[in-house]
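Survey of secondary and tertiary structure
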Amino acid sequence: MTSRISVIRECLTLTGNNLYGAVDDGSAEWDIPTAAFDAAVEWLTDEHDWNFATDLEEVEADETAAGVTIDPADPNFTYRHSRPDDALHIVKVMDEDGGKLDDYRIVGNKIYANVDTILVEFIVEPDPDDWPGLFTKALKHAVMGGIYRGINKDAAAAQKEEQIAHAMIAKARPRSDMQEPGKARFVSTLATARSRRRG
């Protein structure tokens, strides 16, 4: 059963590293693999059309149970937002009216910004049984490359894993044949996104 978290955990284990203590715990074992995962998905989706669904979701700033806004760890930003639960990859972050937002930062499962409500365009994480096999294999090699480079400080091992990932994509079938049609759920409109405000 494949998921974003399962890939990260497997890649940490295969590279001889300890698992992170908790999601978003600020450890190298969390921050580096998640950054490697996001970079790898961006690369893979640029290289081929995997027919993944995309979606839009309006996300309000994180608050405590008492309704107090939670400050982000980065002092350059005012608000902290939670990444949409089903986001495989963040494509774009906008203001609540859909306008371009240049000043934001994605850290693990959090998005830092200077506006209290953001609109997030993202690739929807497939169901566990629907991850394309070639995509998953190439993704794992790319993530392991990032871990070897960032945690193990082993440039040779990192380069080897990255070369394997590139070789897999070079041998891939044409874009139109990468995945059977019909697996994408939908591409939502701005109106749909506004109906999904986070509570």
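First things first, this report covers the structure right here in the doc. Bear in mind the structure is a predicted one, so any value in this text is a computation, not a measurement. (Residues numbered from 1 in each chain as written. Predicted model: local features only at pLDDT ≥ 70, side-chain atom pairs only at ≥ 80, totals over all residues. Heavy atoms only, no water.)

The strand order across the open sheet built from three strands is 2-5-4, with neighbouring strands paired in antiparallel fashion. Pairing within the sheet leaves two strands with one partner each, and these edge strands are strand 2 (79-82) and strand 4 (104-107). Recorded for the sheet is a direction-independent mean angle of 25 degrees between the axes of neighbouring strands. Bridge analysis of strand 2 against strand 5 (residues 110-113) gives four bridges, and the strand direction is antiparallel. Bridge assignment links R80 to a residue of strand 5, and that residue is Y112. (Pairing = 2+ DSSP bridges. Helix = DSSP H or I, 4+ residues; strand = E, 2+ residues; numbered from the N terminus. Axes fitted to C-alpha atoms, helices over the stretch in contact; angles between N-to-C directions.)

Bringing the nonpolar core into the picture now. Counting residues in each nonpolar core, the largest one holds 27 residues, and the members touching the most others are F37, L44, L88, F135, L139 and V143. When residues of this core are traced back to their parent elements, those giving at least two are helix 1 (4-14), helix 2 (28-47), helix 3 (133-152) and helix 4 (155-170). Setting aside anything within four residues of it in sequence, one finds F37 in contact with R4, V7, I8, L88, W131, L139 and V143. Counting 12 residues, the second-largest nonpolar core is a separate cluster that includes V59, I111, V120 and V124. (Core = buried A, V, L, I, M, F, W, Y, C linked by side-chain atoms within 4.5 Å. Buried < 20%, exposed > 50% of the residue type's maximum accessible area, 1.4 Å probe, protein only. Contact = heavy atoms within 4.5 Å.)

Backbone-to-backbone hydrogen bonds pair the strands of a sheet. The strands run either parallel or antiparallel. Pairing is antiparallel across the open sheet formed by three strands, whose spatial order is 1-6-3. Two strands bound the open sheet, and with one partner strand each, they are strand 1 (54-60) and strand 3 (87-95). Strand-to-strand, the axes of this sheet are offset by a mean angle of 30 degrees, without reference to chain direction. Note that strand 1 and strand 6 (residues 117-124) share seven bridges and pair antiparallel. The partner of L56 across the bridge, within strand 6, is E121. Helix 2 contacts strand 3 and strand 6 of the sheet and is inclined by roughly 90 degrees relative to strand 3.

Our next topic: helix 4. Taking 1.5 Å of rise per residue, the 16 residues of helix 4 would be expected to cover 22 Å, and the 22 Å separating its terminal C-alpha atoms lies within 8% of that figure. Those residues of helix 4 not exposed but buried are A157, A158, E161, A165 and I169. Down the axis of helix 4, the sector holding all buried residues measures 115 degrees, keeping them to one side. What points out from helix 4, more than 90 degrees from its buried face, is the exposed set A156, K160 and A170. Among the structural elements, helix 2 and helix 3 are those in contact with the buried residues of helix 4. Among the residues of helix 4, the N-terminal cap falls to D154, whose side-chain oxygen and the backbone nitrogen of A156 are separated by 3.3 Å. (Expected span 1.5 Å × (residues − 1). Arc of directions from axis to C-beta. Polar contact = N/O pair within 3.5 Å; in protein donor to acceptor, adjacent residues only side chain to side chain.)

If you trace the backbone, V115 turns up in the loop between strand 5 and strand 6. Leaving out residues up to four positions away in the same chain, V115 has contacts with Y79, H81 and L101.

Moving on, we get to helix 2. One turn of the α-helix equals 3.6 residues, which is why residues spaced by three or four share an orientation. Between the first and last C-alpha of helix 2 there are 28 Å, a value that for 20 residues agrees with the 28 Å anticipated at 1.5 Å per step. Here helix 2 has its buried residues at W30, P33, T34, A36, F37, D38, A40, V41, W43 and L44. Looking at the buried side of helix 2, the elements it contacts are helix 1, strand 3, helix 3 and helix 4.

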